[in-house]
Amino acid sequence: MVLRGAGIGEDICKGKLHFLREENRVSRELTDDKEKELARFEQACEETDEQLQVLAEGADGAIFEMQALLLMDERFVQGVRKTIVTDKVKAEYAVQLTGERLAKEFAALEDAYIQARSADILDVAGRLIDALCGKKSDATSAVGDVPMILVAEDMLPSRVLELSKAQITGVILRKGNALSHAAILLKGMGIPALFQVGDELTDTYEGTEVVVDCMEGMLFLAPDKELLNEVQKKQDIAAKRRQTLEAFREKKTMTKDGKHIGLYANAGSIEQVKEARDNGAEGIGLFRSEQLFLERDSAPEEEEQFRVYRQILELMEGKDVVIRTLDIGADKQVNYLELPKEENPALGLRGIRLCLEKPQLVKKQLRALYRASVFGKLHIMYPMITSVEEMIRLREIEKEVKEELSARGIPFSNKVPVGIMIEIPAAALISDELAELVDFFSVGTNDLTQYTLAMDRQNGEIADYVNPYHRAILKLLQMTVENGHKAGIPVSICGELAADRTMTETLVQLGFDKLSVPAGEVLRIRKKISTLHLFEE
Ligand code: PEP
Ligand code: MG
């Protein structure tokens, strides 16, 4: 059987389907029969342990071996038992409560390895709850010696961040939208993915061998030998193509007729910064700093942020690094900020709006950024700007931060260029005024597309309507470049459109000074630019 979807990336991957357990929350149920609940818990531990032992024999067994150890962790096991006895609750609820408590404790610890174990605790607790609820085990069929391809309905960015390339070879979403942050993260992590595959892909296919062709947007279930041979051929061709790209690693980014185009990389983690550097990116054109704020119980303190920003600047060895301040909100939510629930979060307290509501948040980040500025060539960029007033307020906050640092005798660079994202139509339309207040523009076409076309980038149902080449968007791009250049500031583009090779020539002709693309796309775009002939002969 063949199903169709929207591919992210150009890879082909093979593996066995594994359906991600949707969140299985249980409610608090009381009981007087504590002996029975203790026995049920014991039984669930045994079943779960058996599942994990099977999984531990697979390709990525170490993680499951470690999860099995958690079943013997005294704090966890005694915690569940005590909750059953003292709170008189059923075993499912006791497991959920204890798992969440322990996961929180782990996440709050300094050690990154222990922090990461918090996801494992939740995973083990989820398996135990499944066992207690009599849900069929998904473990034995999913993993053997072939890699896993995860299937889910949809995925939030925080969930993507929990994935590890070492453990899975691909992701399939029944819904999802290729412009979503989850898609951008998957691309950045080099994980092939297929979105909008639809409801036909039910969990009865658990454990089925599949081939995912991201380039063609196809999912082949239980492929026959002939197809597997074809896939092998395609994979060989793709490997050759990757080899030809190697030649571009050390090259400068030049058109055929010798025009240099700035080629930068987008990143959201230290790994991606390293990948950008290794691919010869001229700098980091967008570091999505909010990724440091996701998947944790509290915002990173100034010191922790400072260390990360310093590390990025040092890794890039004097090349430009554009760090975008926190863009939380919409699909990137964090519980610790205790934000009110919004009907339309993409139109709500997001990005710079949120930061101006909570100035301490942006102040802390700016302090960390300016402190790091002496270790490289930092640029600061604000997301989701809509007005001149916001910019004036931000400039005041910057001034306060610098005065504070000076008063404390802390060194910082006074030459940090400050720019903004142009990703809301209002900003593009007043880009002449904004250009007077900043040192550079960077166009975010992902949000510019969403807000210009009034089409939610998260919504898979409308993905077919989203036209990133719409003339309205091209007009806004042109207007932004012209206004930026009139004011003498450089204009770059860091939305996904910058990595769309069918658009490279148009973007360069429009006059963009720099393109900033996912770290893994740098070589492909450099090769594309090398084929362009811009000037008439
Ligand atoms: C954009 O909107 O184009 C952009 C680069 O920012 P993000 O995708 O992080 O919203
Ligand atoms: Mg954006």
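Residues numbered from 1 in each chain as written. Chains lettered and ligands numbered in written order. Predicted model: local features only at pLDDT ≥ 70, side-chain atom pairs only at ≥ 80, totals over all residues. Heavy atoms only, no water.

A. How the structure looks around the overall build of the protein chain. In terms of regular secondary structure, the protein chain is built from 20 helices and 16 strands. Against the compact-globule benchmark of 24 Å for 537 residues, the protein chain has a radius of gyration of 25 Å, which places it among compact chains. C-alpha atoms of the protein chain, sized along the principal axes, occupy 80 × 65 × 40 Å. A total of 537 residues make up the protein chain; the buried ones form 53% of that total. When the 70 basic and 91 acidic side-chain charges of the protein chain are each reduced to a single mean position, those positions are 4 Å apart. (Helix = DSSP H or I, 4+ residues; strand = E, 2+ residues; numbered from the N terminus. Rg over C-alpha atoms; globule rule 2.2 N^0.38 Å. Buried < 20%, exposed > 50% of the residue type's maximum accessible area, 1.4 Å probe, protein only. Lys, Arg positive; Asp, Glu negative; His and termini not counted. Charge placed at Lys NZ, Arg CZ, Asp CG, Glu CD.)

B. Structural detail: helix H10 (residues 270-278). Considered for burial, the residues of H10 that qualify are Ile270, Gln272, Val273 and Ala276. Around the axis of H10, the buried residues are gathered within 160° of arc, so they sit on the same side. If you follow the buried residues of H10, they end up packed against helix H8 (181-188), strand E9 (262-267), strand E10 (283-288) and helix H11 (302-315). Among the residues trailing H10, Gly280 stands out with phi positive, at a value near 75°. (Arc of directions from axis to C-beta. Contact = heavy atoms within 4.5 Å.)

C. Inspection of the domain arrangement of the protein chain at higher detail. What the domain assignment lists for the protein chain is domain 1 (2-20 + 138-228), domain 2 (34-133) and domain 3 (259-530). Of note, the centres of domain 1 and domain 3, computed from C-alpha atoms alone, are 29 Å apart. Note on domain 1 versus domain 3: buried area summed over both sides is about 1,900 Å², and carbon and sulfur give 51% of it. In this assembly, domain 1 and domain 3 are joined by one salt bridge. The closest approach of N and O atoms between Lys187 and Glu496, which form a salt bridge, is 2.7 Å. Summed over the shared surface of domain 1 and domain 3, the number is seven residue pairs in polar contact (both at pLDDT 80 or more). (Domains from an automatic or database assignment. Buried area = accessible area lost by both parts, 1.4 Å probe. Salt bridge = Lys/Arg side-chain N within 4 Å of Asp/Glu carboxyl O. Polar contact = N/O pair within 3.5 Å; in protein donor to acceptor, adjacent residues only side chain to side chain.)

D. View of the packing of aromatic side chains. Counting across every chain of the model gives two aromatic pairs. Ring centres of Tyr370 and Phe412 lie 6.0 Å apart, and the angle between their planes is 75°; this geometry places the pair in the edge-to-face category. Of this pair, Tyr370 sits in helix H13 (residues 359-372) while Phe412 is found in the loop between helix H14 (388-407) and strand E13 (418-422), placing the two residues 42 residues apart along the sequence. A single burial state applies to Tyr370 and to Phe412, both of which are buried. Its guanidinium or amino end placed over the ring of Phe248, Lys251 lies 4.6 Å from that ring's centre, counting from NZ or CZ. The side chain of Arg371 reaches across the aromatic face of Phe306, ending 4.2 Å from its centre. (Phe/Tyr/Trp six-rings, centres within 6.5 Å; stacked < 30°, edge-to-face > 60°. Lys NZ or Arg CZ within 6 Å of the ring centre and 35° of its normal.)

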